[in-house]
Amino acid sequence: MRRYGRRAPYATEFIIGILLLGTSAVQGEALSGPAPVTQVVAIDKPNDSGGSVLIRWKRSADDGAGMMSVKGYEILRSVEREKGYEHLTVVPAGVEEYVDNTTVDGTSYFYIIGATDGVHRTDSDPVGPVMSSAQWFHQGRLNMLIATVLLSGLVLWFINRAKKGKKLYIRPIAGLQAVDEAVGRATEMGRPVLYVPGIQDMDNIQTIAGIVILGRVAERTAQYGTPLIVPTSRSLVMTAAQETVKEAYLNVGRPDAYNPDLIRYLTDDQFGYAAGVDGMMVREKPAAIFYMGAFYAESLILAETGHSTGAIQIAGTAMPAQLPFFVTACDYTLIGEELFAASAYLSKEPLLLGSLKGQDWGKAIFIAILLLGSILASFGHYFLSDWLTTGSL
Amino acid sequence: MAHAYTPGLRITDKTLVRKERRLPLKGEVLTAPGNRVQADTVVARTDLPGGIQTVNIAGILGIPPEDVRRYMVKQEGDGVEEGEVIARSRGFFGLFTAIAKSPVTGHIESVSDVTGQVIIREPSSPVEVDAYVDGEVVEVFENEGCVVQTVGTFIQGIFGIGGESRGELIKVADTPADILTGDEIDGSCRGKVLISGALVTREALDKAAKEGVSGIIVGGIDDRDLMDFLGYEIGVAITGSEEKGITLIITEGFGRMKMTSRTFELLVERVGKRASINGTTQIRAGVIRPEVIIPLDTGPLSDETKKESPGLEIGSPVRIIREPYFGALGKVLTLPSELQEIETEARVRVLEVQLEDGRRVVLPRANVEMIEEGRSVIR
Amino acid sequence: MEGEIRFILATDCGSTTTKAILIERRGEEYRLVVRGEAPTTVEAPFEDVTRGVLNAIREVEELAGRRILEGGEIIKPSKGPDEGVDIYVSTSSAGGGLQMMVAGVVKSMTGESAARAALGAGAIVMDVIASNDGRAPHQKVERIRRFRPDMILLSGGVDGGTVSHVAELAELIAAAEPRPRFGSGYSLPIIYAGNRDARGIVKERLGADTALEIVENIRPVLERENLGPARGKIHELFMEHVMAHAPGYRKLMSWTDVPIMPTPGAVGLLIELIAKRDGIEVIGVDIGGATTDVFSVFKEVFNRTVSANLGMSYSVSNVLAEAGVEKITRWIPFEVEEIGLRNTIRNKMIRPTTVPQNLQELLMEQAVAREALRLAFEQHKSMAVGLKGIQQERTISDVFEQTATGATLVDMMDLDMIVGSGGVLSHAPRRSQAALMMIDAFLPEGVTRLAVDSIFMMPQLGVLSTVHQQAATQVFDRDCLIRLGTCIAPVGLAEEDEPCMKLKVTLPSGEDVEREVRFGEMILIPLGVGEGADIVMDPVKEFDVGAGRGKVLKTTVEGGVVGIIVDARGRPLQLPERAELRMRKLKEWAMALDAYPRLDLW
Amino acid sequence: MSTTLGVWIAAFLTLCILSFLYKDNPFYKFAEHLFVGTSAGYWAAYYYHNILKPNLYVPLFKEGKLLYIIPLALGIMMLMRLWPRIGWISRWPLAFIVGTYAGYNLITYLQTNALAQVKATLTPFTDVSRVILFVGVLTGLIYFFFSKEHRGIFGKAARVGIWFLMVAFGASFGYTVMARVSLIIGRMMFLLKDWLGVID
């Protein structure tokens, strides 16, 4: 057969190898086993954090063809070429790739792939040495790098422009224009302001946005001389909130009015927290309530109670499922990305305004890609789509 | 109406000037009627209440406002030094004590148990009023001030900056059309009042301020230069409180404006004498114009001082105060009583003026001002 | 009672002139007979306001041939056909008018309400002190002490709301030991119109050293303003304290049949009355030497603002400072150097009584006036707003229609009439100049009537309306206003010379005028005073004349001394950037309105 | 009716919480404080056993992995808050956390919320639903432009985006309401079945 003919130069090596292995396999039996796999390569698995080796091979001539005798491939590993091979696993027939996730970085390994029919096994030559290591760069995510650099570059460029005094237009968002109003209302009514930063921890981008906005709201309450109550459901959020509020009070020259006792930790429990905040609403009677961050099922419980106390409520979240509830129960709602744009609005600092403009350009680029890609796809070209495929995280 | 309303600036070589010297608040008058005073004699004195500082005791100590009184170390009326502890909270076993310090030296004016704040009043500062002009005290308002009277030359400007000042008159221009560029100003001008011509430049103003010149009397100034000198734009026409260390009196207007020869000559005649000047200007009801007063040694004037200004008449000397012909002098030729249409098509009361160069022009009456020589009492 | 009144005398003591008018009932109608004026005499050397009043009345006597005065007193009621009058009323803004400071907790809430109450009563609001005004306490005290207001209005907190903020304000006012402007023999009037619960503490803090008056809260709840009691109290105290200490006013007060009102308060009253009577939305403006007052009635809400530092003489330089040189030169159709313009404006400031003698000077002055009016109107728009701090009810469908409270009430499309007064408007040599200035400054949209108060008698009519409404409104309609005509301004933008609407005017003669209006042009269609014309406007789809974009509007318009002015320069108005082009357009527009003589020569 | 004490307590507390529907009252207050307190305690214990112990204590002290001194130090720095004088130290670990998460999330969000979404939307216009999807994404994105005035064509596109968002909200509203209804059904089932036993 043509195949055999092609393999011929390797045959001697193959036989010698098997002899040298000194395994339990009897030579005669070996000869009756399935044809071996070919083109075995073992490489350090790319784009990983180490600890794994990728082995690839071309399947045996008897796998799905020829004698149809291959049941699977046994993977064997050793730290020496000649001996000490141990069994790792068996992968089913038809497979041509295996990732060994059990390697120790810095150690050289040798692999043998044995095609087996259940009784006999025909081993490949050992491949190696191969050493696993962590990669600094994940090539599959080159597109991510480009996107990040592009977006950051845009943001930096616009920040720079804004710093130079170029006026940037910002579309009005009623909910944010109303912050002053809400705090003012609380002041006139002699009641506190309640700020709910959601039930997620500081690893959630919405919580971070919520805390940033808290800083802006705190500046207002400091100026107006109105108490600001912040119940939190995470200790870290409480810490961050205290720091943020303290700094805000300092910024507007009212450090004396800062009271850390009003920024409290309640509980990590979702509904325990909701019950606690509800209790605060009915007892402290805040005249303005802010909900800024990530919310789940407690959103309506909170917003409805707040509404019933007659407070002005301003909500902002990127949780699509909770938005409708906030919209119906609150006076103003920031929808999705408006939450992230909020701090730029409230501060009007060139830094933040510039970044907003940069992000808009990012969106414009995505729109352009969408348009172009879809048109290309309609004509059967998919390279843009392919380019967007990222290596798994 | 017997005569048109023609505001005029007074330029008088000898008149009776009465100046009211009042305290901003009630205080003590240090002189009596009949006393001779020098311009720098202090005639009245008072204490201006100090500023206030508030301290948020409730916030600093972390206590409710109604408890503030309990934690006060100092009470209402007590004097405090800057940095002195005025309130102290007692925590558990002396731990967690918080203290509030006074940011200023003064006394505790009030303690509020509603706002939780303490108001500290800074010490009062003395205010003194001097006589401003050399002269005689003729009247005293108890606890408020007095009137100082003098006989002298009195010249009003049209606009000025800077408050009361005084100094010896010196001449830095040869003609009333000269421009004061600054080269003429040196150390010898310190404390003097400079008589100059048609324009003062920004450079000259800066130099004069640097050399400690008391005042400058000049025909005109470019608005741009004035703005640059002050560092801001004058909005409404109230001046006098600028703190540039120099008093500027403009006699004609903005732009390059030859000083009226009469004013110039009168001033030059008084070179070497001490002048009291004030740049304070207020242009609205109750107009205040800047002034130059040069007290003279001669005795009081006779009874003609009470004569009222006669108003605009044929032959009256006038100055034109709006474009075209701005700054030109002339004599009234005719005063037609009926309204006439001018170039803008507005129908206004007009007069005919013969300019100094012989031209005869018809102008709205509102655009001329009389050069008054009345000798009525100047307040 | 009203039926018996035949002769009415009214005066307005302005800061420079005192104006008197005589009104007589002829048949069923009240008409203006004559007017006279004389310099105001509040200040030295006279120091008696009644001298100026008597001088003005004497002029009225001469002109009307009617004896009104006897032994320095007004003959009242009238004796026979040529002696005396039946009613005498007066307003006053002499001595700078009523100058107030107001205080509130939140600047945009009770602070704003307090300012509205004071402005509505005719005061100049020197400053608004608020808890959140960004000033340190000692700075607030410094302000109060330095400004020496005639009166302070303190408010703050809704009923049942904050007490501590109000107490803090009261403490600051007490610490400032404020002194009134006139005289030192009486204590400063302070009106407290805030949180009911804080009355006790305010009384405790301020009762001893000031003339404290307590009225109902101007903002009992955030959702509602209650300015009436505070306004009434301001008028009362204005009479009792402020006016009573101004020279000669005691005597004047004894002459009048109703209390003397602050001039702008009276104008506001009249404008409010007219708007209510005719059911129209109206803007009134009075541009003076020192200040510019803007009045408006939109959606039945009256607002007044006073731009204390925008005027044509005393504060003309401030117009320059606030608007900037470029904004002024953009209205001047010839080259002008900055330095020259600056000096010209300054010279106007220091010599306020002069009048422009040549055309260039007139154009410069009117350019400044446009900016003064525009700035004053901007301020008005930011003050004439809805209440802030109100809870909103929303449904899910409102999610993208969220609007903030406190939006301006001023809607130029809904506006029916602009009334201008003040020297630069009333005394413009051609009426079309006044019309053009008002259009340029206010930028009316759609169909808007224009008028000027030629001799400024709105104050007198305003105070008269409190005793004799019929006389006041009749004189207003027949003698007070000079109707300039109607401005038609399609809203939208297009390229120069593109068509923006078709216009068909049916004149009273029955003649039809049909025009295609192109973008960037102004057209004048003569239509006389008292005449009306049916008009059909068919805008192209980007333009709106009041019925919506591209929708046809049929209506009747009123004529005037100028006529129908079609302003197709676009809204927002865009002047060409390039100087020559801008000047050419300015000339073109002025020529279309025949606004200036000899314009074609340069 | 249940005979288990735990069920009775649970039922009582459920009723206490539900009494808030009428108005705030001592029963609610009691249950609320109990809830907040016990859950806080529960989570504290949970965190110790599930996070602190396996992620710090065991590797550091049992396995001797010295690198874990860093998180320990950061944790101790965080606790410095308790002493006001050195409280500022806690800002460092806080800054570390916020900064790290921000950076980490940048990539995650860019991947899942941007690139992956764009890819998913990027389809040939083969049928109507794909076109609708495409238009929806595009106009929705346009609505979230902040630095451009929503006027003219741009404004119209944003309007269309609003309509898509409205439809999405409506659907999600209905869906979530259903989920909430099932929550209340769950609680009712507990009361009626586990406690009272009136239904099976």
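Keep in mind the model is a prediction, meaning the values are calculated, not measured.

Engineer: Could you give an account of the sheet that holds strand E13 (residues 312–317) of chain A, naming the residues involved and the relevant values?
Structural biologist: Residue and element names in this part refer to chain A. Spatially, E11-E10-E9-E12-E13-E14 is the arrangement adopted by the six strands of the open sheet, whose pairing is parallel. Looking at which strands have only one partner, the edges of the open sheet turn out to be strand E11 (263–265) and strand E14 (332–335). Ignoring which end each strand starts from, the neighbouring axes of this sheet average 15 degrees apart. The pairing of strand E9 (residues 193–196) with strand E12 (residues 288–292) spans four bridges and is parallel. Bridge pairing links Val196 to Tyr291 in E12.

Engineer: Explain the interface of chain C and chain B to me, using residue names and the numbers behind them.
Structural biologist: Across the contact, 55 residues belong to chain C and 60 residues belong to chain B. Buried area between chain C and chain B, both sides added, is near 4,900 Å², and the carbon and sulfur share of it is 54%. Considering only the surface of chain C that becomes buried against chain B, Tyr314, Arg351 and Gln357 of chain C emerge as the three largest contributors, covering 18% of it. Where chain C meets chain B, there are nine salt bridges. In this structure, the salt-bridge partner of Arg322 of chain B is Glu361 of chain C, at a minimum N-O distance of 2.5 Å. In this assembly, chain C and chain B are joined by 23 residue pairs in polar contact (both at pLDDT 80 or more). Of all the secondary structure elements, the ones that give two or more residues to the side of chain C that touches chain B are helix H3 (137–147), helix H4 (164–176), helix H5 (199–206), helix H9 (316–323), helix H11 (338–350) and helix H12 (359–383) of chain C. Per-element accounting of the side of chain C that touches chain B gives the leading share, nine residues, to H11 of chain C. Tallied by class, residues from the side of chain C that touches chain B come to 21 nonpolar, 16 polar and 18 charged.

Engineer: How would you summarise the interface of chain A and chain D if you had to cite specific residues and measurements?
Structural biologist: The interface is formed by 69 residues belonging to chain A together with 55 residues belonging to chain D. Taking both partners together, chain A and chain D bury about 5,800 Å²; carbon and sulfur atoms supply 70% of that area. For the chain A face of the interface with chain D, the top three residues by lost area are Arg171, Arg283 and Leu370 of chain A, together amounting to 11%. Counting every contact that joins chain A to chain D gives five salt bridges. Residue Arg283 of chain A is joined to Glu32 of chain D by a salt bridge in which the shortest nitrogen-to-oxygen separation is 2.7 Å. Our enumeration of links across chain A and chain D arrives at 17 residue pairs in polar contact (both at pLDDT 80 or more). The dominant element in the side of chain A that touches chain D, judged by the number of residues it contributes, is helix H12 (residues 350–378) of chain A, at 14 residues. Residue classes in the side of chain A that touches chain D are distributed as 38 nonpolar, 17 polar and 14 charged.

Engineer: Can you lay out the pairing of strand E19 (residues 499–506) of chain C for me, pointing to particular residues and giving the numbers?
Structural biologist: Residues and elements named next belong to chain C. Where E19 lies against strand E20 (residues 512–518), seven bridges are found, and the strand directions are antiparallel. The partner of Leu503 across the bridge, within E20, is Arg515. The antiparallel pairing of E19 with E20 creates a hairpin that spans five residues between the two strands, and Gly510 there sits at a positive phi of about 95 degrees.

The rules behind each value
Residues numbered from 1 in each chain as written. Chains lettered and ligands numbered in written order. Predicted model: local features only at pLDDT ≥ 70, side-chain atom pairs only at ≥ 80, totals over all residues. Heavy atoms only, no water. Pairing = 2+ DSSP bridges. Helix = DSSP H or I, 4+ residues; strand = E, 2+ residues; numbered from the N terminus. Axes fitted to C-alpha atoms, helices over the stretch in contact; angles between N-to-C directions. Contact = heavy atoms within 4.5 Å. Buried area = accessible area lost by both parts, 1.4 Å probe. Salt bridge = Lys/Arg side-chain N within 4 Å of Asp/Glu carboxyl O. Polar contact = N/O pair within 3.5 Å; in protein donor to acceptor, adjacent residues only side chain to side chain. Nonpolar A, V, L, I, M, F, W, Y, C, P; charged D, E, K, R; others polar.

Fair warning: the whole summary comes from geometry, so function is off the table for now.
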